[in-house]
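One-letter residues, chain by chain:
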Amino acid sequence: MKTTNYSTIAANYDNNQFRIDELKLDYDLMDYVEQHTQNNIEMLDLSCGTGLYLEKQIQLFKGKNINWYGLDASKEMLNKAKEKVEDVNLVHGYVEKLPYNSGVFDYISNNYAFHHYEDKEKALDEITRVLKVNGIYKLHNIAIHDMPKWWVYYYFPTAYEEDIKRFWKKELVYQKLIERGFKVNLKMEYRMEEIAVKDYFHHAENRDISVLTLISDKDYEDGLMRMKRDLQLDPSKKITNDFAEVFWVSKKM
Ligand SMILES: C[S@@+](CC[C@H](N)C(=O)[O-])C[C@H]1O[C@@H](n2cnc3c(N)ncnc32)[C@H](O)[C@@H]1O
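Trainee: Go over the pattern of salt bridges, please, and point to the residues and values.
Mentor: Here the structure, examined in full by the defined rule, presents 19 salt bridges. One salt bridge connects E162 with K2, and the closest N-O pair in it is separated by 3.4 Å. On the criterion of sequence distance, the pair formed by E162 in helix α8 (residues 157–166) and K2 in the segment before α1 (6–13) is long-range, its members being 160 residues apart. Across the salt bridge formed by D208 and R19, the nearest N and O atoms sit 2.3 Å from each other. With D208 in the loop between α10 (198–206) and α11 (210–214) and R19 in helix α2 (residues 17–21), the pair connects residues that are 189 residues apart, well separated along the chain. One salt-bridge network, held together by shared partners, links D26, D28, K138 and K187.

Trainee: Can you lay out the site of the ligand for me, pointing to particular residues and giving the numbers?
Mentor: Near the ligand there are 19 residues, and of these Y6, Y13, S47, D72 and N111 occur at the shortest range. Here V95 contributes a backbone N or O atom positioned 3.0 Å from a nitrogen atom of the ligand. Contact distances for the ligand include 3.0 Å between a nitrogen atom and a side-chain N or O atom of E96. Contact with the protein chains removes 92% of the 600 Å² of surface that the ligand exposes when unbound. Breaking the shell around the ligand down by element, the ones donating at least two residues are α1 and β2 (66–72). In terms of residue class, the shell around the ligand is built from 11 nonpolar, 6 polar and 2 charged.

Trainee: Quick rundown of the environment of K251? Include the residues and the values.
Mentor: Residue placement: K251 occurs in strand β7 (residues 238–252). Overall, the relative accessible area of 33% leaves K251 in the partly exposed class. Beyond its immediate sequence surroundings of up to four residues, K251 is in contact with N134, G135, I136, G181, F182 and K183.

Trainee: I'd love a proper account of unusual backbone geometry, names of residues and values included.
Mentor: In this model, Y112 sits at a positive phi of 55°, which is unusual for a non-glycine residue. Among the structural elements, Y112 can be located in the loop between β4 (105–111) and α6 (120–130). Unlike most non-glycine residues, N134 shows phi in positive territory, near 75°. Mapped onto the elements of the fold, N134 is located in strand β5 (residues 131–142).

The rules we used
Residues numbered from 1 in each chain as written. Predicted model: local features only at pLDDT ≥ 70, side-chain atom pairs only at ≥ 80, totals over all residues. Heavy atoms only, no water. Salt bridge = Lys/Arg side-chain N within 4 Å of Asp/Glu carboxyl O. Helix = DSSP H or I, 4+ residues; strand = E, 2+ residues; numbered from the N terminus. Near = heavy atom within 4 Å. Polar contact = N/O pair within 3.5 Å; in protein donor to acceptor, adjacent residues only side chain to side chain. Areas by Shrake-Rupley, 256 points an atom, 1.4 Å probe, with all protein chains shown as cover. Nonpolar A, V, L, I, M, F, W, Y, C, P; charged D, E, K, R; others polar. Buried < 20%, exposed > 50% of the residue type's maximum accessible area, 1.4 Å probe, protein only. Contact = heavy atoms within 4.5 Å.

Shown next, in the form of structure tokens:
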């Protein structure tokens, strides 16, 4: 699989309004906090990127007994996170070799990053190691196998070819978590709708969606041209778009 260079994406990453709009209270963290009021909760946002999730949750969980941590492999993404959040223990590091002692975290969130991990088995071993018994690992990602009509694949078909090399199917992730002794609750959110191409053109131009940096420049330019041509012919053109997200909320037994 190809790897994404986040040093080039970091500057544009937060320009994608979708990333901001979709942020909401983490109800699984809320459940955990409500059930564990006696002790401080050690909470790691793994592959925290520019700190979007941390910033939102820190606002929403103000006054709760949570110590916040973030780790990411990209110094440029972490620098963006440092501009947003205070009182978070942010470190540069790799999931395959986490710089933490064993059994220290109560809750690990992991958003939109698992497909980037080159050694996914090692990543899961490390996550299992640093989590406390009864701790929660909440893995969240897009479910590319369930969204063949995603606008990105419609205009940039080679993006799908790259994605299937790096995304594990949801059943495989489930199985790997079970093998490591987790109790897993897999949930999905799916939607299909008609979207206006004009609303997505700037996302394509911003090129902050990692797979658009993995396809060749020619395939990328061809896709942009197709979008432009469609909009010239019909500025209100709509296409059918689908989008799927998957959550594996897993308790270490
Ligand atoms: C799509 S971004 C997601 C960022 C953030 N979680 C969010 O939801 O906005 C993927 C992140 O995974 C990080 N990443 C990729 N490989 C990694 C690894 N081996 N260890 C730790 N982080 C990694 C990247 O640096 C990048 O910040």
